[in-house]
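# Architecture at a glance
Letter by letter, the chains look like this.
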Amino acid sequence: YNVVLNKSKSSNLDDNHVKVTTGAVPKLLSNTETTPTNTSSGQVPSGYTDGNSNIISKSFVGPNETKKVKVKTWMDNATTTAEGQNKTFNYKISIETIATSQTPELESVNILGKNYPVIAATPDFTKGFPNSSTTDDDKKNLSGLYQSYDDDGDTYYFRGAVEDNYVEFAGKTWRILRINGDGTIRLILNENLTETKAFNTTYQGYQYVGYTRDNSSSCTNANPCKSTYSLSNNSFTMTPDGTPSDIKNYLENWYQESLARTEVNGKKADEYITTTTFCNDTSYGSGTEDTGTLYYGAYKRIATNKKPSLECPDPYKKDNSELRTYGGVYKLKIGLINGDELNMGGYSWSSPYATAENYLRHTSWYWTLSPHNANTSNAFVLFASSVGRVDYSYVNLNVGVAPVINLSTGTLSTSGDGTSGSPFKIN
């Protein structure tokens, strides 16, 4: 399907001054592909464009699949007062669909100055990729950038044996996980930190799967819990109040001591890093709450339904009857990969698992941000195993840590092609 913008005949703001996006990659309307308007089909209402309409997004849906589309438009910030004053821009959105068994062609996405083609195939999340049975052709053709959506719109994520998503930043080597729906660039440290760490040293209770717990209010999409960093004070402030997990304290101490004030092209690294959504999904998955074992949402999606998602549910109890005061939706400077991102990147719950060619494979375990299950005696969180499997561990065990950060929208590189020998260097 194509998402098409049909401009009203009364609009008089030039296309060179209109930015539009369905997610991660904003464009000027003048730079989008056009398609002849088919008014005979009723696609475009009377009073709208009778020439060409603009295709602002291309994607596909499989059988019984649903996708959400969020369209955003705004005036480009390069527009002068003379060009924008007293101008109007009115439009309607239509969806053009074609029933086909052929793989559609999707546009490429520019990341840090390099164009990556978007792979249109639907991944098989039931097994690791690449795995011991993957052919050389599939490894080559199915490793790369895929399209999905998160709470902010279209997102593009890397999967498989990716060799050109290396980034050198603040004296450390990172890999690009994905372009978030808000256009920010999500990076994961290429190797674990040398020290292993417990997610929470206390483990006897449901709340110990939370990134924070006993929050003064719940962490929801409408009101996410936010940890704000001050460069001048080199300190974090959490709102609303809550008890931090051990892993939160550890990550933020590392950020303060080893990352935030590192010089990058005459600026501090923190000035490039934005506060972005992280998902510590404590939504109901299955099981018994309060008295038995509760399985959380990420486990149900990855292990049971085999359909990971980059949308973050609110931390509801069963039947959305009550919001939890641990876990949920966060806005953070630094966090961890979640189980769904790991699964979409090529790790699997079931055999065969991802081989060492998968770009997320490390030589040791590392934590995710996704709870697995909990009861009154124990709490478990998902981790990335060293054999390419999504696994789970007691929260009080010492496991490796691979920090995740997000670079601001529009960040570019000064050099490099993203390979290990020539990683992107941030401008």
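Right, let's walk through the structure included here.

What counts, and at which threshold
- Residue positions are given per chain, counting from 1 as you read along its sequence in written order.
- A pLDDT threshold of at least 70 governs which residues receive local features in this predicted model, and a stricter bar of 80 or more applies before side-chain atom pairs are shown or counted, although totals over entire chains, interfaces and linings include all residues.
- Values shown for side chains rest on all heavy atoms present in the structure; no hydrogens or waters enter the calculation.
- Count a disulfide wherever a pair of cysteine sulfur atoms falls within 2.5 Å.
- Each residue is assigned to one of three classes by its accessible area relative to the maximum for its type, calculated with a 1.4 Å probe on protein chains only: buried under 20%, partly exposed between the two thresholds, exposed over 50%.
- Going along the chain from the N terminus, every DSSP run of H or I of four or more residues is numbered as a helix, and every run of E of two or more is numbered as a strand.
- By definition, two strands form a pair when at least two bridges between them are found by DSSP.
- Each axis is a line fitted through C-alpha atoms, taken for helices only over the stretch in contact, and angles between the N-to-C directions span 0 to 180 degrees.
- Each pair of aromatic rings taken from Phe, Tyr and Trp, with Trp reduced to its six-membered ring, is defined by centres within 6.5 Å and is described as stacked if the planes are under 30 degrees apart, edge-to-face if over 60, and tilted in the remaining cases.
- Each ring is checked for a lysine NZ or an arginine CZ that lies within 6 Å of its centre and within 35 degrees of its normal; such an atom marks a charge sitting over the ring.
- Note on definitions: a residue-residue contact is assigned when non-hydrogen atoms from the two residues lie within 4.5 Å.
- Polar contact criterion, stated in full: a pair of N or O atoms within 3.5 Å, where within protein one must be able to donate a hydrogen and the other to accept it, and residues adjacent in sequence count only if both atoms are side-chain atoms.

This part is about the state of the cysteines. A covalent bond bridging the sulfur atoms of two cysteines is what the word disulfide describes. Under the criterion given, the structure shown has two disulfides. Residue C219 pairs covalently with C225 via a disulfide, S to S 1.9 Å. On the sign convention where negative means left-handed, the S-S torsion of about -85 degrees between C219 and C225 marks this disulfide as left-handed. Note on accessibility: C219 and C225 belong to one class, buried. Here C279 is linked by a disulfide to C312, with a sulfur-sulfur distance of 2.1 Å. When the S-S torsion is 80 degrees, as for the bridge of C279 with C312, the disulfide is right-handed. Placement of C279 in strand β22 (residues 276-280) and of C312 in the loop between α4 (297-305) and β25 (328-332) is noted, with a sequence separation of 33 residues between them. With its disulfide-bonded cysteines labelled consecutively along the sequence, the protein chain is connected as 1-2, 3-4.

A few words now on the sheet that holds strand β7 (residues 91-96). Pairing is antiparallel in the open sheet, where four strands are placed in the order β4-β5-β1-β7. Bordering the open sheet on either side are β4 (33-36) and β7, each of which pairs with just one other strand. On average, adjacent strands in this sheet sit at an angle of 40 degrees to one another, irrespective of strand direction. Bridge analysis of β4 against strand β5 (residues 52-58) gives four bridges, and the strand direction is antiparallel. When the bridges of β5 are listed, T34 appears paired with N54.

Glancing now at the packing of aromatic side chains. By the definition in use, this model includes 15 aromatic pairs. Seen from their ring centres, F380 and Y394 are 4.5 Å apart, and the 40 degrees between their planes marks the pair as tilted. In this pair, F380 is assigned in strand β27 (residues 379-384) and Y394 in strand β28 (residues 390-394), connecting sequence segments 14 residues apart. By relative accessible area, F380 is classed as buried at 11%. A relative accessible area of 37% places Y394 in the partly exposed class. Members of the aromatic cluster, joined through ring pairs, are Y295, Y299, W349, F380, Y392 and Y394. A cation over an aromatic ring shows up here: R186 above the ring of F278, its NZ or CZ 4.7 Å from the ring centre.

Looking now at α4. All of the buried residues in α4 are G297, A298, Y299, R301, I302 and A303. Contact partners of the buried residues in α4: β23 (284-287), β24 (294-296), α5 (339-345), β26 (366-374) and β27. A positive phi of about 60 degrees marks K306, the residue just after α4.

With respect to the helices and strands, the residue N16 is situated in the loop between β1 (2-7) and β2 (18-21). Along the primary structure N16 and T79 are separated by 63 residues, whereas in three dimensions their C-alpha atoms are 8.6 Å apart. Ignoring anything within four residues of it in the chain, the contact list for N16 reads L28 and S30. Among the polar contacts made by the side chain of N16, one reaches the side chain of S30 at a distance of 2.9 Å.

Turning our eyes to something else, we now look at the pairing of strand β13 (residues 166-169). When β13 meets strand β14 (residues 172-179), the two strands line up antiparallel, connected through four bridges. Within the sheet, the bridge partner assigned to V167 lies in β14 and is W174. Turn length for the β13-β14 hairpin, with the two strands adjacent in sequence and antiparallel, is two residues, and the turn residue A170 shows positive phi of about 55 degrees. Relative to strand β31 (residues 424-426), β13 runs parallel, the two being bridged by two bridges. Within β31, the position partnered with V167 by the bridge is F424.

The subject of this paragraph is the sheet that holds β23. Spatial ordering of the open sheet is given by β23-β24-β26-β27-β28, a layout of five strands whose pairing is antiparallel. Since the sheet does not close on itself, it has two edges, and those belong to β23 and β28, each with one partner. Put simply, the sheet's adjacent strands are angled 35 degrees from each other on average, direction ignored. Alignment of β23 against β24, held across three bridges, turns out to be antiparallel. Note on β24: the bridge partner recorded for G287 is L294. The strands that α4 touches are β23, β24, β26 and β27; relative to β24, the one it contacts most, it runs at about 75 degrees.

What follows deals with the side chain of T155. Considering the arrangement of structural elements, one finds T155 in strand β12 (residues 153-159). For T155, a relative accessible area of 0% puts it in the buried group. A distance of 3.1 Å separates polar atoms of two side chains, one belonging to T155 and the other to R178. Sequence-distant contacts of T155, that is, excluding residues within four places in its chain, are made with A24, Y146, Q147, S148, Y149, D150, R178, I179, N180, G181 and L310.

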